[in-house]
Amino acid sequence: MKITISKEDLEQGVQTIQSALSNRTTLPILLNFLLETEDKKVKVVSTDLEMGVKHYIKAEIENDGSITIPAKKFADILHSLSGVDDIELSVDNGGKISLKSGRSRFGIVGSPKSEYPVLPDFNKSNAFEVSAGVIGQMVKKTIFAASSDETRHVLNGVFWAAKKGLLEMVSTDGRRLAVYAKKILPIDKEFSVIVPTKVLTELLRLIGILGVEGDAEKMLVSVTDNQITFQLKKTTILSRLVGGAFPNYEQVIPTKREVVFVAGTKDFLAVTKRASLCALDRGGSVRYSLKKNILHVTASSQNNEFNEDLGVEYSGPDFSVAFNPQFVVDALKHIDSEKVTVAMTSPVNPAIFEPGDSGEGYKFVVMPMRL
């Protein structure tokens, strides 16, 4: 194989696939990435057997070929190169990689493609087109509430349910829940799957790298019984799905609204952050006490205490509830409207946080703590 390729394009390509490289593996080949020529382009591929990323780079190809390359060492070499000179990369019959850029010369020993796991091709016949920016927004507003506890593997992902054009994303760690529903799918698509947080984090990173916002940029998504695939511009990401049944989240979402107040989102977020400074570091709570048009916020620990009054829209009876402040902060950070509506039934039942206009289709449910 012999190619000439832009240093910037190659560096971005390696960066794009890096997250799928395995850190904990008994298979040394998974510390490598695959580089090969295909259809007059260069393809770079990485996988940890659960997730894979494939990215295409334009290049001048003198001789076709393939090789797997130690990823960390190669990334360090690219990072060390000064200037923007093109890179000449060639591979001899023994698997030795020669890299030239400017006056720099590197030699690396690679491994043949035959030792590398094969990533399945993207089957476009089952795929549907959606806005990358909208999917990214929905993922951002749900992924934070997913569990990182590996013993509860069905909660280590975001539940996607599609029916009659509506896509609903749901995540929970057992103490809080995030839900976002939006009508963005073809009417005939129906599925319910749990998508791992790892692949969704990678999808958000890719959307960020490409600067995709709004509805304009489309991507292809394919969902099968055990796999989900995303194709955005020159990059394809695929992942196994999380097995198991997602909990019945609908029974957790309160249907009654006996205590309801409306607050300025930024002010509510700021006062909760201030209160959290005086709560216990682990398992600490912040107390919220409602009186007519006043929310009294208090927190205390062995050496610290805090109290502040926040003006709110409330006309009901006096009411007190306590929450983990980080859960309140996480919910408020993801509410875009100027005002937030909080609805509750009692100090021990779940509370709903949602945009003040409640027309956005997303909401967050937080379990209170004992007063």
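Further up the page is the structure itself.
Residues numbered from 1 in each chain as written. Predicted model: local features only at pLDDT ≥ 70, side-chain atom pairs only at ≥ 80, totals over all residues. Heavy atoms only, no water.

S.K.: How do you make sense of the overall build of the protein chain when you look at a structure like this?
M.R.: Across its full length, the protein chain holds six helices and 25 strands. Projected onto its principal axes, the C-alpha positions of the protein chain cover 80 × 50 × 40 Å. Considering the protein chain as a whole, with its 371 residues, one finds that 51% of them fall into the buried category. Pairs at least 24 apart in sequence give 66% of the contacts found in the protein chain among residues at least 6 apart. As displayed, the protein chain offers around 18,800 Å² of accessible surface, 46% of which is attributable to carbon and sulfur atoms. Mean positive and mean negative side-chain charge positions of the protein chain (45 and 45 charges, respectively) differ by 1 Å. (Helix = DSSP H or I, 4+ residues; strand = E, 2+ residues; numbered from the N terminus. Buried < 20%, exposed > 50% of the residue type's maximum accessible area, 1.4 Å probe, protein only. Contact = heavy atoms within 4.5 Å. Areas by Shrake-Rupley, 256 points an atom, 1.4 Å probe, with all protein chains shown as cover. Lys, Arg positive; Asp, Glu negative; His and termini not counted. Charge placed at Lys NZ, Arg CZ, Asp CG, Glu CD.)

S.K.: Just checking my understanding: could you explain a negative patch on the surface for this structure?
M.R.: Taken together, the side chains of Glu60, Glu62, Asp85, Asp86 and Glu88 make up a negatively charged region of the molecular surface. On the basis of relative accessible area, Asp85 is assigned to the partly exposed category, the value being 41%. (Patch = residues over 30% accessible without salt bridge, like charges linked within 9 Å, V, L, I, M, F, W, Y side chains within 5 Å. Salt bridge = Lys/Arg side-chain N within 4 Å of Asp/Glu carboxyl O.)

S.K.: Explain the packing of helix H1 (residues 7-17) against helix H4 (residues 197-210) to me, please; I cannot follow it from the model alone.
M.R.: Any two packed helices are characterised by the angle at which their axes cross and by the distance between the axes. For the pair H1 and H4, the least separation of the axes is 10 Å and the interaxial angle reads 155°. In terms of their interaxial angle, H1 and H4 are classed as roughly antiparallel. Touching Gln12, Gln15 and Thr16 of H1 are Glu202, Arg205, Leu206 and Ile209, all from H4. Split into classes, the residues belonging to the contact of H1 with H4 amount to two nonpolar, three polar and two charged. (Axes fitted to C-alpha atoms, helices over the stretch in contact; angles between N-to-C directions. Parallel < 35°, antiparallel > 145°, perpendicular 65-115°, else oblique. Nonpolar A, V, L, I, M, F, W, Y, C, P; charged D, E, K, R; others polar.)

S.K.: For this particular structure, what's the right way to read the packing of aromatic side chains?
M.R.: Any aromatic ring pair is given by two values, namely how distant the centres are and how the planes are angled relative to each other. Under the defined criterion, the tally for this structure stands at 14 aromatic pairs. Here Phe159 and Phe246 contribute two aromatic rings whose centre-to-centre distance is 5.0 Å and whose plane-to-plane angle is 10°, an arrangement assigned as stacked. Placement of the pair is Phe159 in strand E11 (residues 157-163) and Phe246 in the loop between strand E17 (235-240) and strand E18 (259-264), with a sequence separation of 87 residues. Like Phe246, Phe159 is buried. The interplanar angle of 55° and the centroid separation of 5.9 Å between the aromatic rings of Tyr288 and Phe323 together place this pair among those described as tilted. Of the two residues, Tyr288 sits in strand E19 (residues 286-291) while Phe323 sits in strand E22 (residues 319-323), which places them 35 residues apart along the sequence. Phe323 carries the same exposure label as Tyr288, and that label is buried. (Phe/Tyr/Trp six-rings, centres within 6.5 Å; stacked < 30°, edge-to-face > 60°.)

S.K.: Can you walk me through the nonpolar core in this structure?
M.R.: Here is a general trend for soluble globular proteins: nonpolar side chains tend to be buried in one another's company. Within the largest apolar cluster, 99 residues are counted, with the highest numbers of intra-cluster contacts made by Phe33, Phe74, Trp160, Phe261, Phe268, Met344 and Phe353. For this core, the element with the highest residue contribution is helix H3 (residues 132-143), accounting for six residues. Aside from chain neighbours lying at most four places away, what touches Phe353 is Phe268, Phe323, Val328, Ala331, Leu332, Ile335, Thr341, Val342, Lys363, Phe364 and Val366. With 14 residues, the next largest nonpolar core counts Ala161, Val179, Ile194 and Phe246 among its residues. (Core = buried A, V, L, I, M, F, W, Y, C linked by side-chain atoms within 4.5 Å.)

S.K.: How should I be thinking about the pairing of strand E24 (residues 351-355) in this particular structure?
M.R.: For E24, a buried count of five out of five residues is recorded, marking the element as mostly surrounded by other parts of the structure. Strand direction decides the pairing type here: strand E23 (residues 339-344) and E24, joined by four bridges, are antiparallel. Bridge assignment links Val342 to a residue of E24, and that residue is Phe353. Hairpin connection between E23 and E24: a loop of six residues separates the two successive antiparallel strands. Where E24 meets strand E25 (residues 362-366), three bridges bridge the pair, whose relative direction is antiparallel. Residue pairing in the sheet places Ala351 in a bridge with Val366 of E25. (Pairing = 2+ DSSP bridges.)

S.K.: For this particular structure, what's the right way to read the sheet that holds strand E4 (residues 51-58)?
M.R.: Two orientations exist for strands paired in a sheet by backbone hydrogen bonds: parallel and antiparallel. A sheet is described by the order of its strands in space; here eight strands give the open sequence E6-E2-E3-E4-E17-E16-E15-E10, paired in antiparallel fashion. The outermost strands of the open sheet, each flanked by one partner alone, are strand E6 (66-70) and strand E10 (128-131). The sheet shows a mean angle of 20° between the axes of neighbouring strands, taken without regard to direction. The pairing of strand E3 (residues 41-47) with E4 spans seven bridges and is antiparallel. Paired with Thr47 across the strands is Gly52, a residue of E4. Against the sheet, H3 engages E10, strand E15 (218-223) and strand E16 (227-232), with an angle of about 70° to E10.

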